Amino acid sequence: MTTAHTNTMHTEVGSLEVTDSSARQIKATIRDVSKVYRGRTQVPALDNVDAHIYDGEFLTIVGPSGCGKSTLLRMINGLQRPSEGAVEISKSSTDRPLTSMVFQDYSVYPWMNVFDNVSLGLARSGLPKPEKHSRVRVWLDRLDLGKFESAYPSELSGGMLQRVAIARALVAEPEILLMDEPFAALDAQLRRRLQEELLEIVGDAGRTVVFVTHSLEEAILLGDRVLVMSARPGRIVDSVDIPFDRPRDPELRKSPEFRDLEERLWLMLKEHATATA
Ligand SMILES: Nc1ncnc2c1ncn2[C@@H]1O[C@H](COP(=O)(O)OP(=O)(O)OP(=O)(O)O)[C@@H](O)[C@H]1O
């Protein structure tokens, strides 16, 4: 059966499904989602993806190149429709957007200064101007951009541009923050710095985040749970809970438990690395 992407909104928090013993509330359900890109050739990108996103969790997604990770994020934020199946998001508030997305390529507007780029996140919020401005300033400070609010993108480094994109996504306080390899274009040092900043930002707030990455280390360091996908057409082959408490010290990456988990995920990826269509 072919069903359109719905982003169904259950407005009553009390109506949320609760399924497991730890009573995690489900924020979104990806129900039997398949996607075939139809052009001169047909590209099956996702095959019957079934998954929950829990309220307040930091979910990371890993999988071989081209397995449909970005496609899945685009289905969650409604940029694309599934060929089959549906994505349902439980909305808890009427004045927050369902999702905001951060991409790998910074996606900031070169003709707007930092302040205006971040303000765009609130363009449809309906908030009065003074409140908008104070919320923008909170996030500029939080992401170390306070001194650069009048600067233009051409004056900023890659790391700062990505901070602008993250601030713009966060200022909107989306129900789900979607991040598609947001640090992939940064050099190793900057990538670590931004990982650490993100750890601090999410550590205290119980935000719902879905984060796609090629880096298993990043997936474990940041995630509460890792979804492992197979090669194209992507399926979910496993969901692995990350057993480390928060706040997390980035030094955690050196521990034997961390390295064991990384090895386990690597073996899973290797097993499912070959495309089947
Ligand atoms: N608009 C499109 N039209 C046709 N094929 C597409 C389109 N977008 C993506 N694809 C194909 O669908 C498959 C999944 O792409 P997608 O970008 O979702 O994978 P990914 O896992 O995010 O890739 P990567 O790891 O390289 O970032 C790939 O084979 C890609 O070439």
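None of these values were measured; they are calculated from a predicted model.

Description of the overall build of the protein chain
No. 1: When helices and strands are tallied, the protein chain shows seven helices and 10 strands.
No. 2: In the protein chain, the share of contacts with a sequence separation of at least 24, taken over all contacts with a separation of at least 6, comes to 75%.

A word on the site of the ligand
No. 1: Around the ligand, a shell composed of 13 residues is seen, among which Tyr37, Ala45, Lys69, Ser70 and Thr71 lie nearest.
No. 2: Contributing elements (two or more residues each) for the shell around the ligand: strand 3 (42–54) and helix 1 (69–76).
No. 3: Here the shell around the ligand gets three residues from one element, more than from any other, and that element is helix 1.
No. 4: Of the residues that constitute the shell around the ligand, the class distribution is four nonpolar, seven polar and two charged.

Details of the sheet that holds strand 6 (residues 99–102)
No. 1: Taken together, the six strands give an open sheet; going across it, the order is 6-7-8-4-9-10, and neighbouring strands pair in mixed fashion. In the strand order of this sheet, the two ends are held by strand 6 and strand 10 (236–241), each with one partner. Between one strand and the next, the sheet's axes are offset by a mean angle of 20 degrees, whatever the strand orientation.
No. 2: Inspection of the sheet shows strand 4 (residues 58–62) paired to strand 8 (residues 209–212) by four bridges, in the parallel sense. Within strand 8, the residue paired with Leu59 across the bridge is Val210.
No. 3: Its contacts with the sheet place helix 4 (residues 158–171) against strand 6 and strand 7 (176–180), and it is angled at close to 175 degrees to strand 6.

What to know about the domain arrangement of the protein chain
No. 1: Assigned domains within the protein chain: domain 1 (1–98 + 175–241 + 272–277) and domain 2 (108–173).
No. 2: Listed as interface residues are 12 residues of domain 1 and, on the opposing side, 10 residues of domain 2.
No. 3: With four residues, helix 5 (residues 188–203) is the single largest residue contributor to the side of domain 1 that touches domain 2.
No. 4: The class makeup of the residues in the side of domain 1 that touches domain 2 is nine nonpolar, no polar and three charged.

What about the confidence of the model for the protein chain?
No. 1: Summarising the model, the protein chain shows a mean pLDDT of 87, and 90% of its residues fall at 70 or more.
No. 2: Considering only residues more than four positions removed or in separate chains, one finds that residues 1–21, a stretch of pLDDT under 50, has 36 contacts.
No. 3: Among the scores for the predicted complex, ipTM is 0.98 and pTM is 0.89.

Looking at the environment of Ala188
No. 1: Within the secondary structure, Ala188 sits in helix 5.
No. 2: With 8 C-beta atoms packed within 10 Å, Ala188 lands in the exposed category.
No. 3: Distance in space between the C-alpha atoms of Ala188 and Glu251 is 15 Å, their sequence separation being 63 residues.

Some remarks on the pairing of strand 9 (residues 225–229)
No. 1: Strand 9 sits mainly inside the fold: four of its five residues count as buried.
No. 2: Bridge count for strand 4 against strand 9 is four bridges, and the pairing is parallel. Bridging across to strand 9, Leu59 finds its partner in Arg225.
No. 3: With five bridges connecting them, strand 9 and strand 10 associate as antiparallel partners. Its bridge partner being in strand 10, Leu227 is matched across the sheet by Ser239.

Section: the environment of Glu155
No. 1: Within the secondary structure, Glu155 is located in the loop between helix 3 (129–142) and helix 4.
No. 2: Glu155 gets classed as exposed once you count the C-beta atoms within 10 Å, which come to 11.
No. 3: C-alpha of Glu155 to C-alpha of Asn113: the two residues are 42 residues apart in sequence and 9.8 Å apart in space.

Thresholds, definitions, all that
Residues numbered from 1 in each chain as written. Predicted model: local features only at pLDDT ≥ 70, side-chain atom pairs only at ≥ 80, totals over all residues. Helix = DSSP H or I, 4+ residues; strand = E, 2+ residues; numbered from the N terminus. Contact = placed C-beta atoms within 7 Å. Near = placed C-beta within 6 Å. Nonpolar A, V, L, I, M, F, W, Y, C, P; charged D, E, K, R; others polar. Pairing = 2+ DSSP bridges. Axes fitted to C-alpha atoms, helices over the stretch in contact; angles between N-to-C directions. Domains from an automatic or database assignment. pLDDT = per-residue confidence, 0-100. Buried ≥ 20, exposed ≤ 12 C-beta atoms within 10 Å, placed from the backbone.

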